[in-house]
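Single-letter residue listing:
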Amino acid sequence: MILVIGKGAYLTSFITSTADRINCGEIAALCAGIPAGSSCRKVASIVDKANPVSVGILDVRQITVVEEAGVSINREPYGPLTGTLVPPCVSHAVAIIEALLAAEQGVRNITVGYGQCGNLVQDVAAIRTLEELTNEYMHKYGYDDVIITTVFHQWMGGFPQDEAKAFGVISWGSATAALSKATKVIVKTPHEAAGVPTMEANAQGLRCTKQVISMLSDQVCTAANLEEEKDIIRRETRCIVDKCFELGEGDLAVGSVRAVLAGVLDIPFAPSRYNAGKMLPARDNDGAIRILDMGALPFTDDIKAFHRAKIEERAKAEKRNATFQMVIDDVYAISKGRLVGRPQALRR
């Protein structure tokens, strides 16, 4: 039996398998009174057929207690981070760290997430390497019994106001989710640019997504540069995660704090006062997210050279210097109907 934990009021928890029915009241009683052991809490409820029973607030240590009672709880940290031009290696590193820290506390069923960047090959490579790398680190540090699944978040940035164009963005995310073989997908709506979506808009987003995923369920992405993209994401992610372990002298929790303060873990456009904010992303000429300014990211020289070459290729094609203006253009591009924020003269 699997208990899925939602994020606050945004998701309803549910049991995905009811082969062995449990007494919901007993689980609720089991969770009640367990002292909070972590600041990272999730609202959860158990749905036994048609009878939802509130469990209350669960943290990772409370999840362990429920696990020991025979109910496997799926914990899903939020994957897309700021949702704005986040390089796959950065969100991967954070996801892996969260997964390892949760596993250390006893969580045995974890979903790691990733937010769509927009370039099909990069996004497919990202989801596939996310599951692979998370399992790699789980086995490396002795968590061999942890179940890892993935969730793909459709575009989290600015949306077009025109609903027909918004459905285009949703469909592109749906296609990527299908071709990447993500375990599940978080669906957007045609009202993203307008405010809180209506019930009907949510249903439209779901139907659109289901249609595209169903059409692509038997297809596989075999792009020529897929393996190259997977390789660069693997190497970048390992650089960041391994540096966190190094900074913590083997203690990942300590190392993660030190990594944030040192700018090794640097989330683009994060509002936290502790985030360095030195690393700047931008798209390359094909729309994949690369790094314009490395900040203090602990990359090897060959990885840094790869990013410089990709950014320079775009700058040359656009006949302009690679500056912060390129970043601004990319932030607004999809809401204006494009993926890459080209200068007006180059738009076709």
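Our structure is the block above this text.
Cut-off values and rules
- Residues numbered from 1 in each chain as written.
- Predicted model: local features only at pLDDT ≥ 70, side-chain atom pairs only at ≥ 80, totals over all residues.
- Heavy atoms only, no water.
- Helix = DSSP H or I, 4+ residues; strand = E, 2+ residues; numbered from the N terminus.
- Phe/Tyr/Trp six-rings, centres within 6.5 Å; stacked < 30°, edge-to-face > 60°.
- Buried < 20%, exposed > 50% of the residue type's maximum accessible area, 1.4 Å probe, protein only.
- Core = buried A, V, L, I, M, F, W, Y, C linked by side-chain atoms within 4.5 Å.
- Contact = heavy atoms within 4.5 Å.
- Pairing = 2+ DSSP bridges.
- Axes fitted to C-alpha atoms, helices over the stretch in contact; angles between N-to-C directions.
- Parallel < 35°, antiparallel > 145°, perpendicular 65-115°, else oblique.
- Left-handed = near helix turned anticlockwise from the far one by under 90°.
- Nonpolar A, V, L, I, M, F, W, Y, C, P; charged D, E, K, R; others polar.

Chemist: Let's hear about unusual backbone geometry: which residues, and what values?
Modeler: The backbone phi angle of Lys-181 is positive, close to 65 degrees, even though this residue is not glycine. The residue Lys-181 is located in the loop between α5 (163–180) and β7 (184–186) in this model. Its identity as a non-glycine residue notwithstanding, Lys-319 has a phi of 55 degrees, on the positive side. Structurally, the position occupied by Lys-319 is in the loop between α9 (301–318) and α10 (324–333).

Chemist: Summarise the packing of aromatic side chains; cite the residues concerned and give the values.
Modeler: Within this structure, the stated rule accounts for 3 aromatic pairs. Plain terms: the ring middles of Tyr-114 and Phe-152 are 6.2 Å apart, the flat faces sit at 40 degrees to each other, and that makes the pair tilted. Of the two residues, Tyr-114 sits in strand β5 (residues 109–115) while Phe-152 sits in strand β6 (residues 147–153), which places them 38 residues apart along the sequence. There is no split in this pair, since Tyr-114 and Phe-152 are both buried. Between Tyr-137 and Tyr-141 the ring centres are 6.5 Å apart and the planes differ by 5 degrees, which places this aromatic pair in the stacked class. For Tyr-137, a relative accessible area of 1% puts it in the buried group.

Chemist: Talk me through the nonpolar core; I want residue IDs and the actual numbers.
Modeler: Ranked by internal contacts, the top residues of the largest apolar core, which has 67 residues, are Leu-100, Ile-110, Met-138, Leu-265 and Phe-299. Broken down by element, the residue count for this core peaks at 11 residues, all from helix α3 (residues 88–104). Those residues within four positions of Leu-100 in sequence are excluded, and the remaining contacts are Tyr-137, Met-138, Tyr-143, Phe-245 and Leu-252. Formed by 7 residues, the second largest nonpolar core is a distinct cluster that contains Phe-159, Ala-166, Val-169 and Ile-170.

Chemist: So what about the pairing of strand β8 (residues 280–283)? Which residues, and what values?
Modeler: Here β8 pairs with strand β9 (residues 289–293) via 4 bridges, running antiparallel. Directly across from Arg-283, in β9, lies its bridge partner Ile-289. Turn length for the β8-β9 hairpin, with the two strands adjacent in sequence and antiparallel, is 5 residues, and the turn residue Gly-287 shows positive phi of about 95 degrees.

Chemist: If you had to explain the packing of α3 against helix α7 (residues 226–247) to someone new, which residues and values would you point to?
Modeler: Packing of α3 against α7 leaves a shortest axis separation of 9 Å and a crossing angle of 45 degrees. Between α3 and α7, the angle is such that the two are oblique. Every pair of crossing elements has a handedness; the one defined by α3 and α7 is right-handed. Facing α3, whose interface residues are Pro-88, Cys-89, Val-90, His-92, Ala-93, Ile-96, Ile-97 and Leu-100, α7 presents Ile-233, Glu-236, Thr-237, Ile-240, Val-241, Cys-244 and Phe-245. Class assignment for the residues of the contact of α3 with α7 results in 12 nonpolar, 2 polar and 1 charged.

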